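Tertiary structure, described
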Amino acid sequence: MESYESIQALARRADAELSPLGIAIVNLARNVDADDIIVNIADPGMVKNTNLQHEIPLLIAAFFYCYKALLGRTLLVGASTYVDAVVVKEKEPHSCYVANWMIPSFAAFAYTPEGEAGQERLSSETMEEFEFAGNQSMLEGFKKRIHTRGAS
């Protein structure tokens, strides 16, 4: 069971680390004060009684149904990961990926100059995709609040 959980954790971390939206969320959090909003990526793990497999072929859906029934977390346990990320850890996970009630580090590449440049590019491209929602003006408002607090 331990090796299964380790493999699942690595797969979920890779998913969050390589996700353009995940990178954009982490970069967004760097521009938002944790006193205003706590921004992180919480991973509830594989949870039973969800409809995750509803749009896949029946045979694969049946496999996932059995897989989740045997190894999945209950809804309550899955939900507790979100509560832990926001209420228990409070500001600690701000701009972090939270999985299995822990804050694992990102892949080593993310901390290199190339990785940071790639994150910045993905973040700006993702922000452009959501420009219709006025995200840039909201972000500027948060930045002003951070600078105003820092000046006083």
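See above for the structure.
These notes cover the structure that comes with them. (Residues numbered from 1 in each chain as written. Predicted model: local features only at pLDDT ≥ 70, side-chain atom pairs only at ≥ 80, totals over all residues. Heavy atoms only, no water.)

What about the overall build of the chain?
To keep it simple, the criterion reads: Secondary structure elements follow DSSP: runs of H or I no shorter than four residues count as helices, runs of E no shorter than two count as strands, and numbering proceeds from the N terminus. To sort residues, take the accessible area from a 1.4 Å probe on protein chains only and compare it with the maximum for the residue type: under 20% means buried, over 50% means exposed, and anything in between is partly exposed. Between two residues, a contact is recorded if the distance between any of their heavy atoms is within 4.5 Å. For every accessible area listed, the method is Shrake-Rupley and the probe measures 1.4 Å; residues are considered covered only by the protein chains on display.
A tally of regular secondary structure across the chain gives 6 helices and 2 strands. Each helix (α) and strand (β) of the chain, taken in turn from the N terminus, gives the series α-α-β-α-α-β-α-α. Buried positions account for 34% of the 152 residues belonging to the chain. Intrachain contacts of the chain at a sequence separation of at least 6 include 69% that bridge at least 24 residues. As displayed, the chain has an accessible area near 9,900 Å², and 65% of this comes from carbon and sulfur atoms.

Some thoughts on helix 3 (residues 58-71)
The following threshold applies: Working rule for helices: expected span equals 1.5 Å times residues minus one. The reported arc concerns the directions from the helix axis to the C-beta atoms and nothing else.
With 14 residues, helix 3 ought to run about 20 Å at 1.5 Å a step, and its terminal C-alpha atoms sit 20 Å apart, in line with that. Regarding helix 3, the residues found buried are Ala61, Tyr67 and Lys68. For helix 3, the arc enclosing every buried residue in end-on projection is 125°, short of the 170-degree limit, so these residues lie on one face. Across from the buried face of helix 3, at angles greater than 90 degrees, the exposed residues are Leu58, Leu59, Phe63 and Leu70.

Some words on the packing of aromatic side chains
Let me state the cut-off plainly: Pairing of aromatic rings covers Phe, Tyr and Trp, the last counted by its six-membered ring, and requires centre-to-centre distances within 6.5 Å; plane angles under 30 degrees mean stacked, over 60 mean edge-to-face, and any other angle means tilted.
In the structure shown here, the tally under the stated rule is 3 aromatic pairs. Centroid distance phenylalanine 63 to tyrosine 67: 5.8 Å. Interplanar angle 25°. Geometry classified as stacked. On the criterion of helical spacing, the pair formed by phenylalanine 63 and tyrosine 67 is a turn pair, its members being 4 residues apart in helix 3. On the basis of relative accessibility, which here comes to 18%, the residue tyrosine 67 falls in the buried class.

A look at the pattern of salt bridges
Filter applied, for reference: Between Lys or Arg on one side and Asp or Glu on the other, a salt bridge is scored when a side-chain nitrogen of the former is within 4 Å of a carboxyl oxygen of the latter.
Counted according to the given criterion, the structure contains 3 salt bridges. One salt bridge connects lysine 91 with aspartate 35, and the closest N-O pair in it is separated by 2.2 Å. Here the residue lysine 91 occupies a position in the loop between helix 4 (75-88) and strand 2 (97-99), and aspartate 35 occupies one in the loop between helix 2 (20-30) and strand 1 (41-43), the gap between them amounting to 56 residues. Aspartate 35 sits in the partly exposed class, given a relative accessible area of 49%. Here lysine 89 and aspartate 84 are joined by a salt bridge, their closest N and O atoms 2.6 Å apart.

Overview of helix 4
Test applied: Fitting axes to the seven residues that end at a residue and to the seven that start at it, the angle between those axes gives the bend at that residue.
Across its 14 residues, helix 4 extends 18 Å between first and last C-alpha, which sits within 8% of the 20 Å expected from 1.5 Å per residue. Along helix 4, the sharpest kink reaches roughly 25°, centred on tyrosine 82. Residues of helix 4 that are buried: Gly78, Thr81, Asp84 and Ala85. Buried residues along helix 4 sit in contact with strand 1 and strand 2. Phi for glutamate 90, located one or two positions after helix 4, is positive at around 50°.

Quick look at the side chain of threonine 81
With respect to the element layout, threonine 81 can be found in helix 4. Overall, threonine 81 belongs to the buried group, its relative accessible area being 2%. Here threonine 81 is in contact with Asp43, Pro44, Arg73 and Trp101, once residues within four sequence places are set aside.

Quick word on the environment of tyrosine 97
Locating tyrosine 97 in the fold gives a position in strand 2. The exposure class assigned to tyrosine 97 is buried, which follows from its relative accessible area of 2%.

Observations regarding a nonpolar patch on the surface
Spelled out, the test is: Patch membership requires more than 30% relative accessible area and the absence of a salt bridge. Residues of like charge join within 9 Å; the nonpolar side chains Val, Leu, Ile, Met, Phe, Trp and Tyr join within 5 Å.
A cluster of nonpolar side chains, contributed by Val83, Val86, Val87 and Val88, occupies part of the molecular surface with about 350 Å² of accessible area. Mapped onto the fold, valine 87 is located in helix 4.

Considerations on the side chain of aspartate 84
Worth spelling out the cut-off: Identification of polar contacts relies on pairs of N or O atoms within 3.5 Å, with a donor-acceptor requirement for protein atoms, meaning one able to donate a hydrogen and the other able to accept it, and with residues adjacent in sequence counted only if both atoms are side-chain atoms.
On the secondary structure map, aspartate 84 appears in helix 4. Separated by 2.6 Å, the side chains of aspartate 84 and lysine 89 make a polar contact. With residues up to four places along the chain from it excluded, the contact list for aspartate 84 reads Lys89, Val98 and Trp101.

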